[in-house]
Amino acid sequence: MNTIRQEWFSNIRSDLLAGLVVALALIPEAIAFSIIAGVDPKVGLYASFCIAVVIAFTGGRPGMISAATGAMALLMVTLVKDHGLEYLFAATVLTGVLQIIAGWIRLGELMRFVSRSVVTGFVNALAILIFMAQLPELIDVPWPVYVMTAAGLGIIYGLPLLTKAVPSPLIAIIVLTVISVTVGIDVRTVGDMGDLPTTPPVLLVPNLPLTLETLSVIFPYSLTLMVVGLLESLMTATIVDDLTDTNSDKSRECVGQGVANIASGFMGGMAGCAMIGQSVINIKSGGRGRLSTLSAGIFLLALLMFLGDWVSRIPMAALVAVMIMVSVGTFNWDSIRNLRSHPASSSMVMIVTVMVTVSTHDLAQGVLSGVLLSGFFFAHKVGRILSISSRSEDEGRTRNYTILGQVFFASADRFVQSFDFQEVIEAVRIDVSRAHFWDITAVSALDKVVMKFRREGTEVEVLGLNEASATMVDRFALHDKDEPADLLLPH
Amino acid sequence: MLKQRKILACVDQSPYADYVADYAAWAARKLTLPLELLHIIDRHQEISVSTDHSGAIGVDAQENLLNQLTEEEGTRTRQVRERGRVFLNGLRQRCEANEAISVDTRQRYGQLLGTLEEQQQDVALYVLGRRGESAERTRRDLGRHVEMISRQVRRPILTVAGEFVEPRSALIAYDGKRMTRRCVELIAQNPALNDIPVHVIMSGKLATDADKHLQWARNTLNTAGFTVETAYLPGDPEQEITRAIGERQADLLVMGAYSRSPLRSLILGSRTNDLLRASQVPTVTIHL
């Protein structure tokens, strides 16, 4: 009972105000993302309404805003183009189902393999993609569009210097709409982009045969949508955690995203996820509780119902200005300044994540490359923690090798090369008790060393192999050996 | 060596703080236990104070917002912390003037209930105000936390109802069952209290073995050197015990605490709660 009160009703006034600010910013975004996906604006608007309202109850991170997003919209383009809207709804529902499963099996814990650099790359790639999606509205258009976009940006960033009481993106939209309608400038408007909602969403079961063929069409899309949706949601949840200095329930968030997407799919909406920019706006405007998310969704629909006609007259230039703001606000500018000071490998991971994402328009692939690359760099770095020293004993008859450090696939070659097989010697003693053999590669490298010495007719004795190979067991037998902290240190 | 348990007095910045401190000091003196005054700062991170509704995000929006929120919260916390420290020091002096043996103060972040549960290990007796800061607003008889706390922590709780009056006689609400027998035993275990006469009062439906139970209570307490008076008052326990407190001019009520089944008390109501509500004197609730 206490948490319900705390999460819903402890911050009512601020939550409602923030919800209104967010709703006003959600409208242009939902329209813009629908256009990216190649569907009518109403699909994105219905999705934003459904997702925001449902996630308010089911989500694990109070105060986070989820709705139709650019990251998800980019993944649907070919599905919509090749197969049509019904398939999109079905894919959205399936995405939700997959996300619920992911939440149950705690897939969110895999997020710990996504390093800071990958997250930064993800965010930057997202910002770049959102910006690039605006380019069609800025290329090959009459000159008034440029003037209006610039004026829109001027209002968005200039007005807060005068007053912070009203949302400046809203004022920008209103001013530009009024001017373009009264002066009669002939520019593209939202109405030109497709249908806007005129009624609240209704239950709509996708009209598709329940066959394996349908599944085989939508499953790959749903899988990517699931991954990207959860990635962005969990990243955003962490950002909101940091901003508010509170914790969130990540598994509940995964399941919640799933439920929200299922609802969206059955209400004629597209798949969505948490939004970094909107969540920052929400927190900035004072939103903290679930009420802010709920009210954002409800205000969104209410505004559309009341202002439907006016929304269709909003010039696209105004939307572009708002989206450029979102893109600028989402981009992590620090990461550019840090390129010089951060380790080259981190910067490389970030840049590769961005480049792969921007070239494929698929954040999942970008993140995967980033994660692989950071794993690669890590293995490389840890592989260098290996030192091998030797001294001859027994009046030159025996040589003692002492191995210190980590032996695994990335360092196995160096391990083998550190032995002098050309030396004419009777016996060799290899002391590995202060080394760690992490995998099969390491053990076979040791075998190889032993065989090579034997081939020279040299006696080989290996000391301390039991201690060294304890790390190979997947569940470390810590009770009779090291504390975790000691594992990477020589014994 | 066993760590000596302490008396934990929970204070907030309300008029009750002084009463709580006085009773806690009295208990510390009587039981010769160290006293700790605890002030809990609930940071209310779920509440925001933003006035920025511009909805615009520019370069470094996230970093700037994080810095700004951190800065604001830091300033706010520093103020609250300093105010709390001064307040606690005032109470400490008050307790020391009342001859409590060793008085310590502590401020902690968190919520009342969780914090009290965490401390349970080292606590012999909790002292709480019946109403706190929220009383002015909620106008409820019990501070909103008292009931929940007494359900959660397994230690005696002294609930303070008003200004300090040196207790001159105590009354045990007794029913012969395990919980209230435990009350009697616990009192008997503290012979330091035996300069206070004790009334053991049984009430409720006529029970045939009431005499036997009362006899046991009388013997137990007599052995520990207490002056005991027992009585059986048939009728509604809430009314009878409240009347008995008035007639016998008891300054302290001792009773068994809430039954462990929240479901049962949800349906039947809690007798403990009724008594706690009705009683105008400080009350010690004791758990099994």
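Owing to the predicted nature of the structure, the values given are computational and were not obtained by experimental measurement. (Residues numbered from 1 in each chain as written. Chains lettered and ligands numbered in written order. Predicted model: local features only at pLDDT ≥ 70, side-chain atom pairs only at ≥ 80, totals over all residues.)

### Comments concerning the overall build of chain B
Cut-off, in case you're wondering: A helix here means a DSSP run of H or I that spans at least four residues, while a strand means a run of E at least two residues long, and both kinds are numbered starting from the N terminus. Any residue surrounded by 20 or more other C-beta atoms within 10 Å of its C-beta is treated as buried, while 12 or fewer makes it exposed and the intermediate range makes it partly exposed; C-beta atoms here are placed from the backbone. Any two residues are considered in contact once their C-beta atoms, placed from the backbone, lie within 7 Å.
For chain B, the count of helices and strands is 10 helices and 10 strands. Considering chain B as a whole, with its 288 residues, one finds that 38% of them fall into the buried category. Here the analysis covers contacts within chain B between residues at least 6 apart in sequence; of these, 80% occur between residues at least 24 apart.

### Description of the overall build of chain A
Assigned secondary structure in chain A consists of 19 helices and 7 strands. A principal-axis box enclosing the C-alpha atoms of chain A has dimensions of 100 × 50 × 45 Å. Here chain A holds 491 residues, and 49% of them are scored as buried. Of the contacts formed within chain A by residues at least 6 apart in sequence, a portion of 85% connects residues at least 24 apart.

### Topic: the packing of helix α7 (residues 143–162) of chain A against helix α13 (residues 316–330) of chain A
Packed helices, taken two at a time, are described by the angle their axes make and the gap between the axes. Residues and elements named next belong to chain A. Selection rule: For helices, the fitted axis covers only the stretch in contact; all axes are lines through C-alpha atoms, and the angles between them, taken along N-to-C directions, range from 0 to 180 degrees. Each angle receives one of four descriptions, namely roughly parallel if under 35 degrees, roughly antiparallel if over 145, roughly perpendicular if within 65 to 115, and oblique otherwise. We call a crossing left-handed when the near helix sits turned anticlockwise from the far one by less than a right angle, and right-handed when that turn is clockwise. Classes in brief: Ala, Val, Leu, Ile, Met, Phe, Trp, Tyr, Cys and Pro nonpolar; Asp, Glu, Lys and Arg charged; the others, Gly included, polar.
Contact geometry for α7 and α13: axes closest at 8 Å, N-to-C directions at 45°. The pairing of α7 with α13 is recorded here as oblique in orientation. Two packed elements cross with a definite hand, and for α7 against α13 that hand is right-handed. Facing Val145, Met148, Thr149, Gly152, Leu153 and Ile156 of α7, the residues of α13 in contact are Ala317, Ala318, Val320, Ala321, Ile324 and Met325. Its residues assigned to classes, the contact of α7 with α13 shows 10 nonpolar, 2 polar and no charged.

### Considerations on the confidence of the model for chain A
Here is the rule we go by: As a per-residue quantity, pLDDT reports the predictor's confidence and falls between 0 and 100.
On average, residues of chain A score 88 in pLDDT, and 96% of them reach the 70 mark or higher. Low confidence marks residues 476–485 of chain A, where pLDDT is under 50. Its contacts with residues over four positions away, or in another chain, come to 6 contacts.

### Quick notes on the nonpolar core
For the record, the criterion: Among buried residues, those of type Ala, Val, Leu, Ile, Met, Phe, Trp, Tyr and Cys that are joined through C-beta atoms within 7 Å form a set called a nonpolar core.
Of all hydrophobic cores here, the largest spans 135 residues; its most connected members are Cys50(A), Ala52(A), Phe122(A), Met270(A), Leu300(A), Ala318(A) and Leu319(A). Not counting residues up to four positions away in its chain, the partners in contact with Leu319(A) are Pro28(A), Ile31(A), Ala32(A), Val190(A) and Ile314(A). In this structure, Leu38(B), Leu116(B), Leu128(B) and Leu171(B) belong to the second largest nonpolar core, which totals 65 residues.

### Digging into α7(A)
At 3.6 residues per turn, the α-helix brings residues three or four places apart onto the same side. All names here are of chain A. We count it as follows: For a helix, the expected span equals 1.5 Å multiplied by the number of residues minus one. What the bend at a residue measures is the angle between two axes, fitted to the seven residues ending there and to the seven starting there.
Helix length check: α7, at 20 residues, gives a terminal C-alpha distance of 29 Å against a target of 28 Å (1.5 Å per residue), a fit within 8%. Ile156 marks where α7 bends most, by close to 25°; the proline Pro160 follows one to four residues later. Where α7 is buried, its residues meet α8 (168–183) and α13.

### Points about the interface of chain A and chain B
Of the residues lining the interface, 38 residues belong to chain A; the matching set on chain B comes to 22 residues. Elements with a minimum of two residues in the side of chain A that touches chain B: α2 (12–37), α7, α8, α9 (212–244), α11 (276–284), α13 and α14 (333–337) of chain A.

### So, the packing of α8(A) against α13(A)
All names here are of chain A. As a packed pair, α8 and α13 sit with axes 9 Å apart at the nearest point and diverge in direction by 160°. Judged on the interaxial angle alone, α13 and α8 are roughly antiparallel. As for how α8 packs across α13, the hand of that crossing is right-handed. Seen from α8, the contacting residues are Pro169, Ala172, Ile173, Leu176 and Thr177; seen from α13, they are Ala317, Ala318, Ala321, Val322 and Met325. Across the contact of α8 with α13, the residue classes tally to 9 nonpolar, 1 polar and no charged.

### Observations concerning the pairing of strand β9 (residues 252–256) of chain B
All names here are of chain B. So the rule is basically this: For two strands to count as paired, DSSP must find a minimum of two bridges between them.
Of all 5 residues in β9, 5 are buried; the element is thus mostly enclosed. Alternating residues of β9 divide into Leu252, Val254 and Gly256 and Leu253 and Met255, and every residue in both groups is buried. Bridge analysis of strand β6 (residues 170–174) against β9 gives 3 bridges, and the strand direction is parallel. Residue Leu171 lies in a different strand from β9, and its bridge partner there is Leu253. Of the strand pairs in this sheet, β9 and strand β10 (residues 283–286) are connected by 4 bridges, and their pairing is parallel. Counted as the bridge partner of Gly256 is Ile286 from β10.

### Quick look at the sheet that holds strand β8 (residues 228–234) of chain B
Residues and elements named next belong to chain B. A sheet is described by the order of its strands in space; here 10 strands give the open sequence β3-β2-β1-β4-β5-β10-β9-β6-β7-β8, paired in mixed fashion. The sheet terminates laterally at β3 (103–109) and β8, the two strands that pair on one side only. Pairs of neighbouring strands in the sheet enclose a mean axial angle of 25°, with direction left out of account. Both strand β2 (residues 35–41) and β3 contribute to a ladder of 7 bridges, which runs parallel. The residue of β3 that forms the bridge with His39 is Gln107. Strands β6, β7 (198–204) and β8 of the sheet are contacted by helix α7 (residues 210–223), whose axis makes an angle of about 160° with β8. The strands that helix α8 (residues 237–248) touches are β6, β7, β8 and β9; relative to β7, the one it contacts most, it runs at about 155°.

### Observations concerning the domain arrangement of chain A
Short version of the rule: The source of the domain bounds is an automatic or database domain assignment.
In terms of domains, chain A is made up of domain 1 (2–334) and domain 2 (384–486). Distance from the C-alpha centre of domain 1 of chain A to the C-alpha centre of domain 2 of chain A: 56 Å.

### A few points about the pairing of strand β4 (residues 398–407) of chain A
Residue and element names in this part refer to chain A. The line we're drawing: Note on handedness: a crossover is taken as right-handed if, strands pointing away from the viewer, the path from the first strand over the helix to the second is clockwise.
Of the strand pairs in this sheet, strand β3 (residues 386–393) and β4 are connected by 8 bridges, and their pairing is antiparallel. Among the inter-strand pairings, Ser389 is bridged to a residue of β4, identified as Thr402. Two successive antiparallel strands, β3 and β4, enclose a turn made up of 4 residues, where Asp394 displays a positive phi of approximately 60°. Sheet topology places β4 next to strand β5 (residues 427–431); 5 bridges connect them, and they run parallel. Residue pairing for β5: Thr398 is matched across the bridge by Ala427. Regarding the hand of the β-α-β motif, the stretch spanning β4, helix α17 (residues 412–417) and β5 is right-handed. Sheet topology places β4 next to strand β6 (residues 435–437); 3 bridges connect them, and they run parallel.

### Notes on unusual backbone geometry
Residues and elements named next belong to chain A. One non-glycine residue, Asp394, adopts positive backbone phi at about 60°. Mapped onto the secondary structure, Asp394 falls in the loop between β3 and β4. The class for Asp394 is exposed, based on 12 C-beta atoms found within 10 Å. We note that Glu395 has phi near 55°; this positive angle belongs to a residue other than glycine. Along the polypeptide, Glu395 turns up in the loop between β3 and β4.

### Notes on the environment of Leu88(A)
All names here are of chain A. With respect to the helices and strands, the residue Leu88 is situated in helix α5 (residues 85–104). The exposure class assigned to Leu88 is buried, which follows from the 25 C-beta atoms found within 10 Å. Residues Leu88 and Val183 lie 95 residues apart in sequence; the distance between their C-alpha atoms is 39 Å. When near neighbours in sequence (up to four residues on either side) are disregarded, Leu88 contacts Val39, Met76, Leu79, Val80 and Met270.

### Here we look at the environment of Met76(A)
Residues and elements named next belong to chain A. Tracing the backbone shows Met76 in helix α4 (residues 70–83). On a C-alpha basis, the gap between Met76 and Asp186 in space is 31 Å, while along the polypeptide they are 110 residues apart. The residues contacting Met76, other than those within four sequence positions of it, are Ala37, Leu88, Tyr221 and Met270.

### Some points on the environment of Gly287(A)
All names here are of chain A. Along the chain, Gly287 falls in the loop between α11 and α12 (290–313). Note on Gly287: 34 C-beta atoms within 10 Å, which makes it buried. Sequence-wise, Gly287 and Asp394 are 107 residues apart; in three dimensions their C-alpha atoms are separated by 76 Å. Once residues lying within four places of it in the same chain are set aside, the contact partners of Gly287 are Ser14, Asp15, Ala18, Gly19, Val22, Gly63, Asn282 and Ser292.

### Brief notes about helix α6 (residues 178–188) of chain B
Among the residues making up α6(B), those that are buried are Met179(B), Thr180(B), Cys183(B), Val184(B), Ile187(B) and Ala188(B). Buried residues along α6(B) sit against β6, β7, α7, β9 and β10 of chain B.

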